[in-house]
Structures are given as structure tokens and as C-alpha cells.
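Tertiary structure, described
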Amino acid sequence: MPPTNAENFRLTVLNPGGRDQEQQFHSLPAPGERAHPPVNFHAFAACTLGAFHRDVRRAIGENTPVLLLLRSDFRTSERALTDLKKEGRTVAVSLKETGLHQIAQQLCDPAKLSRFMKIVASADGCIATTPDAVEIYQRVRCKRKPATVAFIPTPYPTGDQRWDFSIPRNKQSGIFVGTREWGVPSRNHFAALLVARQLSEATGEPVTAVNLDGYRGRRLLGELNFPKGKLRLIEKWKAYPDYLREVASNKIVLQLDRSHVPGQVAGDALLCRIPCVGGDGAIERIAFSKTCGEGKTISEIASTALDLLKNAELRAAIVADSQELAQERLSFGAVRSQLGKFFAQLQGATGY
């Protein structure tokens, strides 16, 4: 495999045995143009004009460095790593699900933990989509060079006008609740809904929540006694552009998530040009550091949200700040550069 050039870097993302279709990103797709939008791990392929595969042989055929995702019981990922290394590919690995609660759930099985330890130690490097995951990979690879582990956030196409879902401020109203999982303690979904109800009572703003739990979810929401006519539910899966249009019609996104996830909720807010309040994902901590929930109490987050709902100029300032930070650290160009430099370091460390 030829040496990596950071300026013309292409990456293949491999999700072995996964369900997502093969995608070639010869150009940045417009909203709704491809099977999977260029977000999450697909964004690493998209920002480098690379490819996303689930078949190992097709990934090998790309003749590029590979980001191998660790999923399910890790058996398929382990076999894929062996095949890729036999063909001389530079391979970095990453857990596909990287919230702290998700990592704990995956690694509580002895057999899976054994495979994880072996894979992480054998790969050329690791990419962490959260700062917290960096700590885990580094400790597993304690005898390897620190430069072989990097935090690289999932990018967003903030610089492409086709992905600007903003609407005029005078057409925005309400609070969008970013979480939807009642049963995951670190999501704090119940508490977020209570805060949203309080804010609605104080401001008259409507609240939009996603309910994909059908009758059970409606019963739970009904027990919260939102002001009449102030709770709007989204109860069917929407295409990503349609979902973003729903988010963009609100004044803020609110959540109390403490899962330390990569932060797609905040990434969606970036594309919608509205403030994201209260989460602690990687994107929140980078782009919405003034309004994120890191180190803040629920009361402090509620106070910040109230200020934003009442003050359009404050919302505009937070959005402007977040867009500037995103362009510097989260845009496709910025993350492509990070990926190119990282894989060039891996090739130097492994002697390619």
C-alpha cells in the first residue's frame, strides 16, 4: 500500500457483517441523495471521499487505509483485521458504539472482552470518537506509542450550504427534546422532559419529543401533564433531512444526557443552526461549550435554556460561536486533515 498523503487522503470504513449498504463517496452527497447520510462513521468515509463497506474483500480492493469498526461479538471484526493485515493494509479500529454505557455493556462478557483486548493490541492504531474512549484504548495499548491512539470527532458538513437547514428566527418556536430512551439511566430522558415542561410553563413555548414506543410511550408522557396543546410528538421514523427540518423549527435542543457519546444530537443542531443545551457528548463539548451540560447541575442547565428561549440575540451568538468552532474542528475539511495526519503517523510507526 502506498504511503499516506495527508492532503489527498482517502479512507475506507469497514463495518464487517453490518447491515449498511456499500457506499462510495466520490463527492459529498446532497441531503437525501444516498442510502445513508454522511454522519457518524459514514462521515469519516464521506469527508475523505472514501468508501463505506461491510464486505472485507471489497474493503481490501479499495487499496486505502481502513477504519475497522468493532461490533456485535467482535468475531467478524477479528477475522477482518487478520485479513486486512495479511494484505498489508494500515488499520485503525474503533468501537461502533462508544457511549460509556455502551462500552460497559459490550465488555462485560469475558469472551468479548478477550477479543477486544486482542484486537486493540494488534491493530496499527485506534480512533476514539470521544475523549473518554481514548483513555480506554491507550490503557489497552500501554506498550505501544501514544501517537497510535487519537481522538477524532465525527465530522459534519457545516461548510456545505446544501446542509444548512436553518430557518428564519421569526419562524422558530419551541423546545426539541434530544433524547428518547426512557430505560437508559445515563440519558436522563425523564428529567429532560420535566425540565422541558417547566420551561414550557414559564415561556409558553411548545415542546417536541420523539416517541417510538407507541402506546406505552404515550402513557408515560401523559403522566407528565404537559400544558394542554404544548406537547407535540414525532411517532414515526423520518428521513434524515425531514428530521432535521423538524429540529430546525425549534429555538433550542434540550437534553440532559450524561452518556459521553460522540454527540449526534449536537451535530444535528449544528446543521440546523440552533443552540444545543445540556448534553455532554464530544460535539457538545467542542461546539457548544457554553451551553453543554459538562460539570453543570440540572438547575444551571434549565436556567441557561430559559435565557436562550427568551433572548433571540443570545441564541444567535451561541449559533455563531458554534459554527466557527465547527468549521475549525468538526468540518469535513478539518477532520479529513486530522485523519490524514493520523494515518501517516501510523504508517511511520509500523514501518510502511
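My aim in this report is to walk through the structure given alongside it, one point at a time. (Residues numbered from 1 in each chain as written. Predicted model: local features only at pLDDT ≥ 70, side-chain atom pairs only at ≥ 80, totals over all residues. Heavy atoms only, no water.)

Our next topic: the overall build of the protein chain. Tallying secondary structure elements over the protein chain gives 14 helices and 12 strands in all. Taken over the C-alpha trace, the protein chain has a radius of gyration of 21 Å; the compact-globule value for 352 residues is 20 Å, and the two agree within 12%. Across its three principal directions, the C-alpha atoms of the protein chain cover 65 × 45 × 35 Å. Buried residues in the protein chain amount to 53% of all 352 residues. A separation threshold of at least 6 residues defines the contact pool for the protein chain, and within that pool the share at least 24 residues apart is 72%. For the protein chain, the distance from the average position of its 47 positive side-chain charges to the average position of its 36 negative side-chain charges is 3 Å. (Helix = DSSP H or I, 4+ residues; strand = E, 2+ residues; numbered from the N terminus. Rg over C-alpha atoms; globule rule 2.2 N^0.38 Å. Buried < 20%, exposed > 50% of the residue type's maximum accessible area, 1.4 Å probe, protein only. Contact = heavy atoms within 4.5 Å. Lys, Arg positive; Asp, Glu negative; His and termini not counted. Charge placed at Lys NZ, Arg CZ, Asp CG, Glu CD.)

This part covers the packing of helix α7 (residues 189–203) against helix α12 (residues 298–310). With their axes 10 Å apart at the nearest point, α7 and α12 run at an angle of 40 degrees to one another. Our classification of the angle between α7 and α12 gives oblique. By crossing handedness, the relation of α7 to α12 is classed as right-handed. In this structure, α7 contributes Ala191, Val195, Gln198, Leu199, Ala202 and Thr203 to the contact, and α12 contributes Ile298, Ala302, Ala305, Leu306 and Leu309. Its residues placed into classes, the contact of α7 with α12 shows 9 nonpolar, 2 polar and no charged. (Axes fitted to C-alpha atoms, helices over the stretch in contact; angles between N-to-C directions. Parallel < 35°, antiparallel > 145°, perpendicular 65-115°, else oblique. Left-handed = near helix turned anticlockwise from the far one by under 90°. Nonpolar A, V, L, I, M, F, W, Y, C, P; charged D, E, K, R; others polar.)

Across the 9 residues of helix α10 (residues 264–272), 7 count as buried, placing the element largely inside the fold. Considered for burial, the residues of α10 that qualify are Ala266, Gly267, Asp268, Ala269, Leu270, Leu271 and Cys272. The inward-facing, buried residues of α10 contact α9 (240–248), β11 (252–254), β12 (276–277), α11 (282–287) and α13 (312–329). Looking at the residues trailing α10, positive phi occurs at Arg273, about 60 degrees.

Another aspect to go through is the sheet that holds strand β5 (residues 91–95). One open sheet accounts for 7 strands, arranged β2-β3-β1-β4-β5-β6-β7; its pairing is mixed. Strands at the two margins of the open sheet, each flanked by one partner only, are β2 (23–24) and β7 (149–151). Pairing analysis gives 2 bridges linking β2 to strand β3 (residues 51–53), with the strands arranged antiparallel. Looking at β3, one finds that Gln24 is bridged to Ala51. This element, helix α3 (residues 75–86), spans β1 (12–14), β4 (66–70) and β5 of the sheet and lies at about 160 degrees to β4. (Pairing = 2+ DSSP bridges.)

Below, the discussion takes up unusual backbone geometry. For Asn225, which is not glycine, the phi dihedral falls at a positive 55 degrees. Inspection of the secondary structure puts Asn225 in the loop between α8 (214–222) and β10 (231–234). The backbone of His260 shows a phi angle near 50 degrees, a positive value even though the residue is not glycine. By secondary structure assignment, the location of His260 is in the loop between β11 and α10. According to the relative accessible area criterion, His260 is buried, its value standing at 13%.

A few words now on the packing of α3 against helix α5 (residues 110–122). It is at 10 Å that the axes of α3 and α5 come closest, and there the two elements cross at 25 degrees. Put simply, α3 runs roughly parallel to α5. When the axes of α3 and α5 are compared, the crossing they make is left-handed. Touching Arg75, Ser77, Glu78 and Leu81 of α3 are Arg115, Lys118, Ile119 and Ser122, all from α5. Its residues assigned to classes, the contact of α3 with α5 comprises 2 nonpolar, 2 polar and 4 charged.

A few words on the side chain of Asn250. Along the chain, Asn250 falls in the loop between α9 and β11. A polar atom in the side chain of Asn250 sits 2.9 Å from the backbone oxygen of Glu246. Those residues within four positions of Asn250 in sequence are excluded, and the remaining contacts are Gln172, Ser173, Gly174, Ile175, Phe176, Thr208 and Ile274. (Polar contact = N/O pair within 3.5 Å; in protein donor to acceptor, adjacent residues only side chain to side chain.)

Time to look at the pattern of salt bridges. Taken as a whole and assessed by the stated rule, the structure comprises 18 salt bridges. Between Arg10 and Glu62 there is a salt bridge, with its nearest N and O atoms 3.5 Å apart. Here Arg10 is found in the segment before β1, whereas its partner Glu62 is found in the loop between α2 (56–61) and β4, with 52 residues between them in sequence. Using a relative accessible area of 16% as the deciding quantity, one classes Glu62 as buried. Of the charged contacts in the structure, one is a salt bridge between Arg57 and Glu87, with a shortest N-O distance of 3.8 Å. One end of the pair, Arg57, is in helix α2; the other, Glu87, is in the loop between α3 and β5, and 30 residues separate them in sequence. Overall, Glu87 belongs to the partly exposed group, its relative accessible area being 38%. Taken together, the salt bridges that share partners define one network made up of Glu181, Arg187 and Asp257. (Salt bridge = Lys/Arg side-chain N within 4 Å of Asp/Glu carboxyl O.)

What follows deals with the nonpolar core. Grouped burial of nonpolar side chains is what soluble globular proteins tend to show. In this structure, Val13, Phe44, Leu67, Leu254, Leu339 and Phe343 are the most contacted members of the largest nonpolar core, which totals 72 residues. Residues within four places of Leu339 in sequence aside, it is in contact with Phe9, Leu11, Phe44, Cys47, Thr48, Ile127 and Ile152. Grouped together as the second largest cluster of nonpolar side chains are 27 residues, Leu70, Phe74, Ala80 and Cys126 included. (Core = buried A, V, L, I, M, F, W, Y, C linked by side-chain atoms within 4.5 Å.)

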